[in-house]
Amino acid sequence: EEQRETWQAKLVQTRLMVASAYFEKAKALEPNSDEWKKVREESTARFKTIAEKYATLAGGAFARFYEGRNQALLGKHDDALSTLLPLVSLQGNAPLESLLRRKALATSAECWLAKKKFGELTPDLRKVALANVPTAQLDEDWLALKLRIAQLLEAQAGAMGDKEKTKARPMLQDAKIPEYI
């Protein structure tokens, strides 16, 4: 049984590496070119297969994130948001759950911004995004999340009508937009 689990883990790892190779290859291509789209779609399909087949394993959760990330990069924001929802909704504080939630939330914020769906940032998600993080733990995922949320809050404040402008200042202060602090 133990050896079977070891081989299954190696298989998942190998499949993730192949899907990741397509993901990385797309970065080397001209964005939005036909070849870029084809490679991005192949990566998406491979990650989706892994996510479905290994849904209960950590590798399946990472595959789900990269499936959603690809969808967002392809401009399929609704698909990306649906794919990422289970990861954004993670409640645990384990390092893996926390990492996947941050990554999924940053990509979701990017989609909300593209779709101008500012109301999607619930108070709970806002609390996660705006949490004070010790400098030693402030990695690229935290920074990406904080940047996307700041952009989202700034766009939301800019879209408010005159009656709602009083709400804008606290939002921009939350986002730590310098001219409003």
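Refer to the structure presented above.
This write-up is about the structure you can find in this document. Note that the coordinates shown come from a computational prediction; the quantities given were computed from them, not determined experimentally.

### Let's talk about the pattern of salt bridges
Between side chains of opposite charge, a pair can form when the charged atoms approach closely.
Then, number 1: Scanning the model with the defined rule gives 10 salt bridges in all.
Then, number 2: The partner of glutamate 67 in a salt bridge is arginine 64, with the nearest N and O atoms 3.5 Å apart. Separated by three residues within a single helix, glutamate 67 and arginine 64 lie in helix α3 (residues 58–73), roughly one turn from each other.
Then, number 3: Owing to a relative accessible area of 3%, glutamate 67 belongs among the buried residues under this scheme.
Then, number 4: Under the relative-accessibility criterion, arginine 64 is labelled partly exposed at 21%.
Then, number 5: Across the salt bridge formed by arginine 69 and glutamate 110, the nearest N and O atoms sit 3.1 Å from each other. You can see arginine 69 sitting in helix α3 and its partner glutamate 110 sitting in helix α5 (residues 95–115), a full 41 residues away along the chain.
Then, number 6: Taking relative accessible area as the criterion, glutamate 110 reaches 22% and is therefore assigned partly exposed.
Then, number 7: Residues participating in the shared-partner salt-bridge network are Arg69, Glu110 and Arg148.

### Regarding the nonpolar core
Then, number 1: Of all hydrophobic cores here, the largest spans 25 residues; its most connected members are Leu87, Leu105, Trp112, Leu121, Leu145 and Ile149.
Then, number 2: Looking at this core, the elements with two or more residues in it are α3, α4 (77–88), α5, α6 (123–129) and α7 (140–158).
Then, number 3: When residues in this core are grouped by element, the largest group, seven residues, is from α5.
Then, number 4: The residues touching leucine 145, leaving out its near neighbours within four places in the chain, are Arg102, Leu105, Ala106 and Ala129.
Then, number 5: Core analysis: the next-biggest nonpolar cluster, separate from the first, contains nine residues, Leu16, Phe47, Ile50 and Tyr54 among them.

### Things to note about the packing of aromatic side chains
Then, number 1: Under the counting rule described, the total for this entry stands at three aromatic pairs.
Then, number 2: A ring pair is formed by phenylalanine 23 and tyrosine 66, whose centres lie 5.1 Å apart and whose planes are at 75 degrees; its orientation type is edge-to-face. Placement of the pair is phenylalanine 23 in helix α1 (residues 2–28) and tyrosine 66 in helix α3, with a sequence separation of 43 residues.
Then, number 3: Ring plane angle 25 degrees and centroid distance 5.4 Å describe the contact between phenylalanine 47 and tyrosine 66, whose orientation is recorded as stacked. Taken as a pair, phenylalanine 47 in helix α2 (residues 34–53) and tyrosine 66 in helix α3 lie far apart in primary sequence, 19 residues in all.
Then, number 4: Pairwise contacts between aromatic rings join Phe23, Phe47, Phe65 and Tyr66 into one cluster.
Then, number 5: In this structure, arginine 40 is placed above the aromatic ring of phenylalanine 23, and the distance from its NZ or CZ to the ring centre is 4.8 Å.

### Details of the environment of leucine 90
Then, number 1: Its location among the elements puts leucine 90 in the loop between α4 and α5.
Then, number 2: The class of leucine 90 is partly exposed, set by a relative accessible area of 22%.
Then, number 3: Sequence separation between leucine 90 and arginine 101 is 11 residues; the distance between their C-alpha atoms is 6.3 Å.
Then, number 4: Apart from residues no more than four positions distant in its own chain, leucine 90 is found in contact with Glu97, Leu100 and Arg101.

### Observations regarding the side chain of threonine 83
Then, number 1: Positionally, threonine 83 belongs in helix α4.
Then, number 2: What threonine 83 contacts, discounting residues up to four positions off in sequence, is Arg64, Glu67, Gly68 and Gln71.

### Remarks on α7
Then, number 1: Taking 1.5 Å of rise per residue, the 19 residues of α7 would be expected to cover 27 Å, and the 27 Å separating its terminal C-alpha atoms lies within 8% of that figure.
Then, number 2: Residues of α7 that are buried include every one of Asp141, Trp142, Leu145, Ile149, Ala150, Leu152, Leu153, Gln156 and Ala157, and no others. Looking straight down α7, one finds that the buried residues subtend no more than 165 degrees of arc, so they occupy a single side. Exposed and facing more than 90 degrees away from the buried side of α7 are Glu140 and Gly158.

### Things to note about the layout of surface pockets
Then, number 1: Its boundaries defined by the atoms lining it, the largest pocket holds a volume of some 390 Å³.
Then, number 2: Contributions of two or more residues to the lining of the largest pocket are made by α4, α5 and α6.
Then, number 3: Its residues assigned to classes, the lining of the largest pocket comprises seven nonpolar, five polar and four charged.
Then, number 4: Counted as a void, the second largest pocket has a volume near 300 Å³.
Then, number 5: In terms of lining residues, the second largest pocket is bounded by 14 residues, among which Phe65, Arg69, Lys103, Asp141 and Ala144 are the most central.
Then, number 6: Taken together, the residues that form the lining of the second largest pocket break down as five nonpolar, one polar and eight charged.

Here is what the cut-offs are and how they apply
- Residues numbered from 1 in each chain as written.
- Predicted model: local features only at pLDDT ≥ 70, side-chain atom pairs only at ≥ 80, totals over all residues.
- Heavy atoms only, no water.
- Salt bridge = Lys/Arg side-chain N within 4 Å of Asp/Glu carboxyl O.
- Helix = DSSP H or I, 4+ residues; strand = E, 2+ residues; numbered from the N terminus.
- Buried < 20%, exposed > 50% of the residue type's maximum accessible area, 1.4 Å probe, protein only.
- Core = buried A, V, L, I, M, F, W, Y, C linked by side-chain atoms within 4.5 Å.
- Contact = heavy atoms within 4.5 Å.
- Phe/Tyr/Trp six-rings, centres within 6.5 Å; stacked < 30°, edge-to-face > 60°.
- Lys NZ or Arg CZ within 6 Å of the ring centre and 35° of its normal.
- Expected span 1.5 Å × (residues − 1).
- Arc of directions from axis to C-beta.
- 1 Å grid on protein atoms, 1.4 Å probe; cavity = no way out; pocket = protein on both sides within 12 Å on 5 of 7 lines; lining within 4 Å.
- Points joined across faces, edges and corners; volume = space filled by probe spheres on them.
- Nonpolar A, V, L, I, M, F, W, Y, C, P; charged D, E, K, R; others polar.

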